[in-house]
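Coordinate analysis (summary)
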Amino acid sequence: MAASILFDAPGPKTVVRHRLYSLLTIAALAALFGFLLWRLYQKEQFTYEKWEAFVTPGYIEALIFNGLLVTLQMAFTAVIAAVLFGVVFGLGKLSDHGFVRWPCWAVVEFFRAVPVLLMMIFIFGVYGITRGDSGAYWSVVFALIVYNGAVLAEVFRAGILAVPKGQAEAAYAIGMRKTQVNMLILLPQAVKIMLPAIISQCVVALKDTSLGFAVAAPGLTNVGEAIYLEENNQIPTVMVLAAIYITVNLLLTWIATWVQKKFVGEKKLEVPMVGDATTEELPK
Amino acid sequence: MDAVLDNRDLVVDAFTHTVLLFLLAGVMSLLLGTLLAAMRVGPVRSMRVFAAGYVTLVRNTPLVIVFIFFRYAAPKAGFNFNYVDIVWGDVRMNTFFAAAVAALTFYTASFVCEAIRSGVNAVPLGQAEAARAVGLPFGGTMTQVILPQAFRATVPPLASVQIALLKNTTVAGVFGVTEAAARLKIFTNDYATERLQLFLIFALVFVILVEILSFFAHRLERRWRIA
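First, a word on scope: everything that follows refers to the structure included in this document. (Residues numbered from 1 in each chain as written. Chains lettered and ligands numbered in written order. Predicted model: local features only at pLDDT ≥ 70, side-chain atom pairs only at ≥ 80, totals over all residues.)

**Some details on the overall build of chain B**
- Scanning chain B from N- to C-terminus turns up nine helices and two strands.
- Helices and strands appear in chain B in the N-to-C order α-α-α-α-β-β-α-α-α-α-α.
- Each principal axis of the C-alpha atoms in chain B carries an extent, and together these give about 70 × 45 × 30 Å.
- In chain B, which comprises 227 residues, the share counted as buried stands at 44%.
- When contacts within chain B are restricted to residue pairs at least 6 apart in sequence, long-range pairs at least 24 apart make up 72% of them. (Helix = DSSP H or I, 4+ residues; strand = E, 2+ residues; numbered from the N terminus. Buried ≥ 20, exposed ≤ 12 C-beta atoms within 10 Å, placed from the backbone. Contact = placed C-beta atoms within 7 Å.)

Here it is, written out as C-alpha cells:
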C-alpha cells in the first residue's frame, strides 16, 4: 500500500493499529452478517421448500433457456443494433455540415437524457401492447437500442476524436477523400480504442433488459418473478437472480479489461456526460 | 395536450414524487457512497475488501433486482418500511416510497463510491510526495494539496452518477410509487390517442431536469477549476 497518495507507508506502530481496526471491522461485519443469516433462518428462509425450485431440473431449465438465454439474446441484439445507430449518429455529429450535425446532436442528446423505462413504456404503448410476448420483447429491445445507441454515438465521437490528428491530416495529404479518411483511417483506429467501452455497454444493456419487468417482457427477471409468485420464495429467488446477473456481468467486465490490456493499453476513453457543453462544440 | 392540461395536478404531483425520490436518494447515496469510498481507499485492509466487494456485487446487479429485493424479498425476513407513512399535501411517502428510496440509495452508493475513488486516483502520486517533501504534515497534505484536487476531479463523474439516478427514479414507478413513469403509463392507457404528445411532454421534462443538473455540475466544475 506504499503507493497510496492518501497516506504514507505505515510504520510498525501504525501497522499494529491498522490490524486492530481490521479485526474490529471483521468483527462488526461478522456480527451484521450473522444477524442477517440468523434472521433469515428464523423466518425459515433456509428450508428445503424455499430452495427446492433451484434444484428442480424443470425450473433450472426455465431459468437458463427462458431466462438467461433470452436475456442475453435481447442484450446482444440491442447492442449490435446500437453499435450501428452509434456509428451513424456519432459520425453525423462530427459532420462538416450543420444540417446533419445539429439533428444528430439533438437525437443523441434526447435519447441519452430520457429514461430507458419511459421510452420502453411508450414503445410498449404504441407498438408492443397488441403483440403479446414478442411485442414486449421488441419494446424492450427497441428502447435499449435507442438509449445505448445514443450513448455509443457519444463513445464513437469521442473515439474518433481520440485518434491523433496527424492521422487524418496525413490521409488528406496523400489525397484521400473525406469518406476514405473516415472509413479507412479514423474508424478502424477508433474502434480499437472504443472496444472496451462497447463491451462495458453490453453490461449496461444486460442490466437494463431487466426493466422489461415493467412491460412483462420475457427474460431472466420475468422467469424469476414467475418462480417467486408460485413458490413464495422471494429471498432465495432474488439471491439466485442476482448471482446469475453478477456472474455474467463480471465475465463481460473481465473480457472488457482483457481487450483493454490487449488492444488499447493505458489510454482511457473520455466520454462527456449528458448535456455536457463540450458535446456542442464544433468539430475542428 | 388535453390529457396533460386537464390533469395538471396529477402531472405536477408525479414529478414532485420523481424529484423527491431523486433528492432523498441523491443525498443518502452521496453519504453512503462517501463512507464506502473512505473505506475503499483507506489503509484498513478488511474495510477495503468489504467496500470493494459491495461495489462489485451491487454495481453488477440490475436495479430492478435491487427493487424486487427491497419491495418483495426483504419484508419476508421482517425488514420492511411499514412505519413510514408521511402524507404531505398530495405527496404520499409510504412504505413503497421508502423501499424505493432504499433501493435507489444502496444501488447508487456503489457508483458514487467508484466516482469518488476515480477522483482520488486522478491526483498524481507526485503531489503527495512533493507535499510531504516540503514538510507538510498529514493534515496539511490532505486539506491543502490532495483533497482539493481530488474533489475537483470527482465533480464530473459524480454528476453523471446523479443524472443516472434521476433517470433511475422511473423504476420506482413499477414498484408502487406514482411518479412520472407510472403516471405516463396510466395516461397512455386512458388517453390512447394522445400517446405521442404525452410521451414527448414527459420526456421533455426529463430532458429539462437533466440539463438543469448538468448545468449546475458545469458551473461547479468551472468555479472550482484551477486556472
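**Digging into the packing of helix H3 (residues 45-59) of chain B against helix H5 (residues 95-121) of chain B**
Residue and element names in this part refer to chain B.
- It is at 9 Å that the axes of H3 and H5 come closest, and there the two elements cross at 120°. Between H3 and H5, the crossing angle belongs to the class labelled oblique. Once H3 is placed against H5, the crossing between them reads as left-handed. Along its contact with H3, which presents Ala-51, Tyr-54, Val-55, Val-58 and Arg-59, the element H5 presents Phe-106, Tyr-107, Ser-110, Phe-111, Cys-113 and Glu-114. (Axes fitted to C-alpha atoms, helices over the stretch in contact; angles between N-to-C directions. Parallel < 35°, antiparallel > 145°, perpendicular 65-115°, else oblique. Left-handed = near helix turned anticlockwise from the far one by under 90°.)

**Considerations on the interface of chain B and chain A**
- Across the boundary between the two partners, chain B contributes 48 residues, which contact 46 residues of chain A.
- Elements that contribute at least two residues to the side of chain B that touches chain A include exactly H3, helix H4 (63-73), helix H6 (125-133), helix H7 (138-168), helix H8 (180-190) and helix H9 (195-224) of chain B.
- Among the elements that make up the side of chain B that touches chain A, the one with the highest residue count is H9(B) (10 residues).
- Across the side of chain B that touches chain A, the residue classes tally to 32 nonpolar, 10 polar and six charged. (Nonpolar A, V, L, I, M, F, W, Y, C, P; charged D, E, K, R; others polar.)

**Side note on the packing of helix H3 (residues 57-93) of chain A against helix H9 (residues 220-231) of chain A**
All names here are of chain A.
- H9 packs onto H3 with a crossing angle of 150° between their chain directions and a minimal axis gap of 7 Å. Viewed along their axes, H3 and H9 adopt a mutual orientation that is roughly antiparallel. From H3, Tyr-59, Ala-62, Leu-63, Asn-66, Gly-67, Leu-68 and Thr-71 reach across to H9, where they touch Leu-220, Val-223 and Ile-227.

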